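Read off the chains here:
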Amino acid sequence: MKKKLVSFVIPCYRSEKTLEAVINEIEETMNGSNDYDYEILLVNDGSPDNTWDVIRKIAAERDKDKVIGINFAKNFGQHAALMAGLGKSKGDYVVCLDDDGQTPANEVFKLLDALNDGSDAVYARYGHKQHSLFRNFGTAMNEWMASVMLGKPKELFVSSYFAVRRFVVDEMIKYESSYPYVIGLVLRTTKRIVNVDVNHRKREVGASGYTFSKLMALWINGFTAFSIKPLRIATLSGTIFAFLGFLYGIFTVIKKFVNPNVPVGFSALMSAMIFIGGMLMLMMGMVGEYLGRVYISQNRNPQYVIRETTLDEE
């Protein structure tokens, strides 16, 4: 019986001290399997430390078909790194996980078993996450956004540790826009998505590469990449405020006729104008965000640029 090929895709950023342990764990886990063969794709996302040198060393010490390193020309973000790895992968199943050791590679068979049972995508669910409060808040916001904007089932937990079938990957990499959002690509491809429970480890070295600005960029991307709901919300909000303004105008006129000596509230008027003006600016900004993304995509701004791979060094 021919073994199924599992591709491990790992975005790498500031992981020079953790990456080798992750690779060793994958190898120890997969070498004990009679059902699967594997390959590992390591995508260096413009890391400012020596991560690329570590990747080159890891690849040089192993068979060239087992570990492939991809080096970006600059930092493009985790989702772009995932797309690059997905595009180079060959596996029947593709598993994406983190470079810091917090996602347990030795529990990968839980995800693979779920795929074998008929699921198209499987996300790891953690009983207790070992992230910082800031990162947990970011994850909660991401969950809310995916549910409201992308139609993610509320009971489905999404994480950076997941596995998908080959046909899902083939559909995902057809997306060529400048702003990839992996969760949205999975959700628009299939609804046969399940969770499996795994452990989440405490980070032993370093800190998360997600800053507040990167999380904000990720949320905005999720809002605008695969949904027009923000525009519909803006339209609905504009309609509601216009109607309330009309009612308030009628109320003001009636009040003036009933009691001409009652002064019209200047403070209330200014507050209403500032509030409505702020809402209009917010909505215009939202429309501008969509238009800007269309403009950039029409200019074929790349998702990522690969400077080199370890295969080039053969």
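You'll find the structure just up there.
What you see is a predicted model, and the numbers here were worked out from it, not measured in a lab.

A.B. asks: What should I look at first to understand the pattern of salt bridges in this one?
C.D. replies: Opposite charge on two side chains permits them to pair, given that their charged atoms come into close proximity. Tallying each qualifying case throughout the model produces 11 salt bridges. The partner of Arg62 in a salt bridge is Glu27, and the shortest N-O contact between them spans 2.4 Å. One end of the pair, Arg62, is in the loop between helix H2 (51-60) and strand E3 (67-72); the other, Glu27, is in helix H1 (residues 19-31), and 35 residues separate them in sequence. Classification of Arg62 as buried rests on a relative accessible area of 18%. Between Glu61 and Lys57 there is a salt bridge, with its nearest N and O atoms 3.1 Å apart. By relative accessible area, which is 41% here, Lys57 ends up partly exposed. In the salt-bridge network here, residues are joined through shared partners; they are Glu20, Glu27, Lys57, Glu61 and Arg62.

A.B. asks: How should I be thinking about the pairing of strand E6 (residues 162-165) in this particular structure?
C.D. replies: Residues in a regular strand point their side chains to alternate faces of the sheet. As paired strands, strand E4 (residues 93-96) and E6 are joined by four bridges and run antiparallel to one another. Bridging from a neighbouring strand, Val94 pairs with Val164 of E6. The pairing of strand E5 (residues 121-126) with E6 spans three bridges and is antiparallel. Residue pairing in the sheet places Val122 in a bridge with Ala163 of E6.

A.B. asks: Would you take a moment to explain the environment of Arg201 for this structure?
C.D. replies: Tracing the chain through its elements places Arg201 in the loop between strand E7 (193-198) and helix H8 (212-225). Classification of Arg201 by relative accessible area gives partly exposed; the value is 28%. C-alpha of Arg201 to C-alpha of Gln102: the two residues are 99 residues apart in sequence and 4.4 Å apart in space.

A.B. asks: Help me understand the sheet that holds E4, please; the structure alone is not making it clear to me.
C.D. replies: In a beta sheet, neighbouring strands pair by backbone hydrogen bonds and run either parallel or antiparallel. With mixed pairing, the eight strands of this open sheet are ordered in space as E7-E5-E6-E4-E1-E2-E3-E8. Edge strands, defined here as strands with exactly one partner in the open sheet, are E7 and strand E8 (306-309). With strand direction ignored, the average angle separating the axes of adjacent strands in the sheet is 20 degrees. By the bridge criterion, six bridges tie E5 to E7 in an arrangement that is parallel. Its bridge partner being in E7, Arg125 is matched across the sheet by Asp197. Lying on the sheet, helix H7 (residues 182-189) is in contact with E5, E6 and E7; it crosses E5 at an angle near 130 degrees.

Rules of the game
Residues numbered from 1 in each chain as written. Predicted model: local features only at pLDDT ≥ 70, side-chain atom pairs only at ≥ 80, totals over all residues. Heavy atoms only, no water. Salt bridge = Lys/Arg side-chain N within 4 Å of Asp/Glu carboxyl O. Helix = DSSP H or I, 4+ residues; strand = E, 2+ residues; numbered from the N terminus. Buried < 20%, exposed > 50% of the residue type's maximum accessible area, 1.4 Å probe, protein only. Pairing = 2+ DSSP bridges. Axes fitted to C-alpha atoms, helices over the stretch in contact; angles between N-to-C directions. Contact = heavy atoms within 4.5 Å.

These results come straight from atomic positions and should not be treated as a statement about function.
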